[in-house]
Amino acid sequence: MNTFLAILTYFAYCFIIGAYTVKIIKYLKLPTHLRWELYPVIHEEKYAYGGSYFEKKEWWNEEKQKRYAKGILYLLKEYFTLGDYLTRNVLYWLGLFPWHIGFILIIAFHILCFFGALFMVLGFTISSGSPDLWGRILFYSILITGIVSFITGTVGSILIIINRIIDKSLRTYATPLNFLMYIFTLVVFISGLYSWYFIDPDMKEYREFWKGLITFHFVGVEVGTMVHIILFDLFLIYLPFTRSLHYITRLFAFFLIRWDDEPNRKGSELEKRLIKNLNQKVGWQGPHIGAGRSWNELARYDR
Amino acid sequence: MKIEDISKNTEQLVTIESKDLIPLPYPYDDPANEPLMKRLTDDQRMRYEASLDGIIAIGIPKPSSKEEEEVFVKKFLSGLEKLLTPENNWTFLQPLYHSLEYCVKCQICNDSCPAYLASGKKEIYRPTYRAEVLRRIINKYIKKRNKLLLRLTGSDIDLNWTLVARLGELAYRCTLCRKCAQVCPLGVDNGLISHEIRKIFSQKMGIAPKELHELGTMQQLKAGSSTGITPKALGNIIEFMEEEIEEKIGRKIKIPVDKEGAEILLIHNAGEFVSWPENTEAFAIIFDIAGIDWTLSSDLVGYDAVNYGVWYDDIQLARIAVKHAEIVKALKVKKINVGECGHAHKAMIVVADRILTGELNIPRESALPILADIVLNNRIKLDPERNNFPVTLHDPCNMVRLMGIVEPQRQILRKICPQFREMEPNGVDNYCCGGGSGFAIMQSMNFPDWRSAVSGRMKLKQILEVFHDVIGPDVKKYVCAPCSNCKGQIRDLFAYYNVFERCNIFYGGLVELIVNAMVDIKKPFIEWEWR
Ligand code: SF4
Ligand code: SF4
């Protein structure tokens, strides 16, 4: 059983990293598209009111430096507050916010458990009375992230299910799989809550388990903890099949689409990519098109 | 209503009734006085697809046989496949892919949509509705998911002629204003979904509203302009404009045409020459007095800035963009300036930026910053008292939300209109006039009534609200809309509700207000005559 649990965990982590990587590569390999930005654009100096460099005469004479920090900060803030939802649908936010915080923290919890285990391998003691400062810091971080994650996740999952049922527009567009997902996450969080409350108030078992994974000396854990670990592993495996990657693709959508105001300058890398796109053959067969030619040729070919 | 109902063979999916529409402020606050939208005749219903909402925008002919139906559906599906391939849709695949894959159906975007809100929240106009239908078709017929997965992902939908035809019409119930996209926390763009559906219909099936395609891009490429103005006719129009200018300002101005090597090639939406020549005249007056070295072009396509391709067909978009660039190159002007036309701004300066490579990548800019420079730096003498009446500003989506040109027009109005006031919301958060994405020029059957009563309703509401304290006909008021298509829509919207007569609200462009304030001109330039 110990080995099974360890292999499942290795697999779950490898799987999610692999699957996410494949998806991200697929997204990023999509061709450079036409400009389709939406204002306000975050790195614009006139961001406050949504202005752009097109407000200036002969805008092409200005070399623009893109600043990413502001955009990243904006998105990070949104990740942790979900402010857009708060301002537009408070009821929905009341469920969504704890649900997301539950996610963020449960992942942080498992990562911290890994680091806790790593420190243990390096000879640190991880406990409330540890002589090492890092030992105490890790102990409390693991404990707090774990508990908060299990509680917020449980509350969030319940509220979000209620929300999707009582709000007509949310219900119309919800799928059976959405509800299965919410129930699944609820079970994951509740199992964590159960294991902490009834079995492992110090979260010691998780650290021992992770230590086993690092040293390849797999250890056993109580059934309750094991159930949570299995469920969490399954959750990780399931995630790539959901829209969960929106955590990352949202970043791309903002930087590569909504805020992409990069002008096409002669001789630039962008222009080279565009020329490649324009040299592809068009397969559309509308009567006015004249298929079989490249985009470039077609643009010069009137019908 | 369920999402999958779109493929059911019902007589009509949704009916728009006056009582459902969002209420308008005084003096339009009695729903009993709401004009009745034209009903289609039995003959029209028999001949064309009208089962979505009883409105016809495209006019898709009904099939005469089962085979015809099947061919139609097959073509659509094959177009959808193409839409998802990089070589055929490199132009928009990444944003489309994102919008199809990463919407979490939180429905946050719906309450931004003017058509959805104005209609009294009819399900079919919900921004997420079209996207969901398309997603389901892709899951079932392109990704070919198995039955269980279809059930679990709620993706079961029957693809048939009715669905495809309704979806085609539905793509023309969205003005591509992208207000929904602006509020989506995940960067999903449901406006783009409408745009992409339109592309399948045009690029694969050869179906598009006549005004956009046949009389639009095709006519522009052949005859020179979507208005039908030929280079020869342009010559007569320019002569007429010069005469009118002389009459209005008491001085002759020579409008430069095809002046090689000029600093600026000014390009208007040719609709201005036909419907609002005072706009093109005002430009000529301002540029002349400010001493700008400019010219118009009389070359085929060179005197019409419009590019309807941006609304429905990437290839037509590219063709017109390239034509514009070639003309500029041949004329050896330093740069091109786009007059008061929102979509032409967006198409020529922004979207076509990634089509025009090498020598075709000519400098392109909006005329608004130049106008702001002239006005703010007192390059012409202006007396704001001449514009001492309530003025509000409509923000054309293409120029503002989609391009970020927000302040130049405001700086001008603040300087020359003492009673300038803002609508709420404004700037990048504005509501579309209801005529975006080609609607303003689409005159099919009862569609103009729909775009007044539904898609333009939020704009009318805003206008009435902003003038609420002076709403009576005793005070003349002006809606400044620096965009030809918006003006066309506002004209029709006002006519539908009789706004000019009831409330004395006039509309027009920005340059007209500038010339109206010019000290050296004796007579008021704005004539306050409804045409
Ligand atoms: S488009 Fe965006 S805001 Fe609208 S439902 Fe989808 S995720 Fe939510
Ligand atoms: S683009 Fe505009 S009209 Fe279209 S769905 Fe979005 S908000 Fe509505």
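Presented here is a report on the structure given in the accompanying data block.

**Quick look at empty space enclosed by the protein**
Residues and elements named next belong to chain B.
Move 1: Scanning the entire structure with this criterion turns up nine cavities of 30 Å³ or more.
Move 2: Taken together, 25 residues line the largest cavity, and the ones lying closest to its centre are Thr-175, Trp-311, Asn-398, Gly-436 and Ser-437.
Move 3: Within the residue set of the lining of the largest cavity, elements represented by two or more residues are helix H15 (309–312), helix H17 (342–350) and helix H22 (484–497).
Move 4: Split by residue class, the lining of the largest cavity holds twelve nonpolar, ten polar and three charged.
Move 5: Estimated volume of the second largest cavity: approximately 130 Å³.
Move 6: Elements with a contribution of two residues or more to the lining of the second largest cavity: helix H5 (114–118), helix H6 (127–142), helix H9 (179–183) and helix H10 (190–204).
Move 7: Here the lining of the second largest cavity is built from residues that sort into eight nonpolar, four polar and four charged.

**Description of the nonpolar core**
Residues and elements named next belong to chain B.
Move 1: If you look at the biggest cluster of nonpolar residues, it comprises 206 residues, and the most contacted ones within it are Phe-76, Ile-137, Phe-287, Trp-450, Ile-505 and Leu-513.
Move 2: The dominant element in this core, judged by the number of residues it contributes, is helix H16 (residues 314–331), at eight residues.
Move 3: When sequence neighbours within four positions are dropped, the list of residues in contact with Trp-450 reads Ile-16, Met-37, Asp-53, Ile-55, Ala-115, Tyr-125, Arg-173, Phe-439 and Ser-455.

**Comments concerning the packing of helix H2 (residues 69–81) of chain A against helix H4 (residues 90–121) of chain A**
Residues and elements named next belong to chain A.
Move 1: Between H2 and H4, the shortest axis-to-axis distance is 8 Å and the interhelical angle comes to 105°. Viewed along their axes, H2 and H4 adopt a mutual orientation that is roughly perpendicular. Contacts between H2 and H4 involve Tyr-79, Phe-80 and Thr-81 from the former and Trp-93, Phe-97, Ile-101 and Ile-104 from the latter.
Move 2: Among the residues forming the contact of H2 with H4, the class breakdown is six nonpolar, one polar and no charged.

**A closer look at the side chain of A:Ser169**
Move 1: Here A:Ser169 is to be found in helix H6 (residues 168–173).
Move 2: Once residues within four sequence positions are removed from consideration, A:Ser169 is found in contact with B:Gln107 and B:Arg126.

**Some details on the sheet that holds strand S2 (residues 294–295) of chain B**
Residue and element names in this part refer to chain B.
Move 1: Strand order in the open sheet formed by four strands is S2-S1-S3-S4, and the pairing between neighbours is parallel. Each having just a single partner strand, S2 and strand S4 (364–366) make up the two edges of the open sheet.
Move 2: Pairing of strand S3 (residues 335–338) with S4, which is carried by three bridges, proceeds in the parallel orientation. Its bridge partner being in S4, Val-338 is matched across the sheet by Ser-366.

**A short note on the pattern of salt bridges**
Move 1: Following the criterion strictly, the structure yields 52 salt bridges over all chains and no others.
Move 2: A salt bridge links B:Arg178 to B:Asp189; its shortest N-O distance comes to 2.9 Å. Pair noted here: B:Arg178 is in the loop between helix H8 (161–170) and H9 and B:Asp189 is in the loop between H9 and H10, with a separation of eleven residues, a long-range link. Just as B:Arg178 is buried, B:Asp189 falls in that class too.
Move 3: Between B:Arg451 and B:Asp492 there is a salt bridge, and its shortest N-O distance comes to 3.0 Å. Placement of the pair is B:Arg451 in helix H20 (residues 447–455) and B:Asp492 in helix H22, with a sequence separation of 41 residues.
Move 4: Residues joined by salt bridges that share partners form a network here, namely A:Glu58, B:Glu263, B:Lys334, B:Lys335 and B:Glu365.

Conventions adopted
Residues numbered from 1 in each chain as written. Chains lettered and ligands numbered in written order. Predicted model: local features only at pLDDT ≥ 70, side-chain atom pairs only at ≥ 80, totals over all residues. Heavy atoms only, no water. 1 Å grid on protein atoms, 1.4 Å probe; cavity = no way out; pocket = protein on both sides within 12 Å on 5 of 7 lines; lining within 4 Å. Points joined across faces, edges and corners; volume = space filled by probe spheres on them. Helix = DSSP H or I, 4+ residues; strand = E, 2+ residues; numbered from the N terminus. Nonpolar A, V, L, I, M, F, W, Y, C, P; charged D, E, K, R; others polar. Core = buried A, V, L, I, M, F, W, Y, C linked by side-chain atoms within 4.5 Å. Buried < 20%, exposed > 50% of the residue type's maximum accessible area, 1.4 Å probe, protein only. Contact = heavy atoms within 4.5 Å. Axes fitted to C-alpha atoms, helices over the stretch in contact; angles between N-to-C directions. Parallel < 35°, antiparallel > 145°, perpendicular 65-115°, else oblique. Pairing = 2+ DSSP bridges. Salt bridge = Lys/Arg side-chain N within 4 Å of Asp/Glu carboxyl O.

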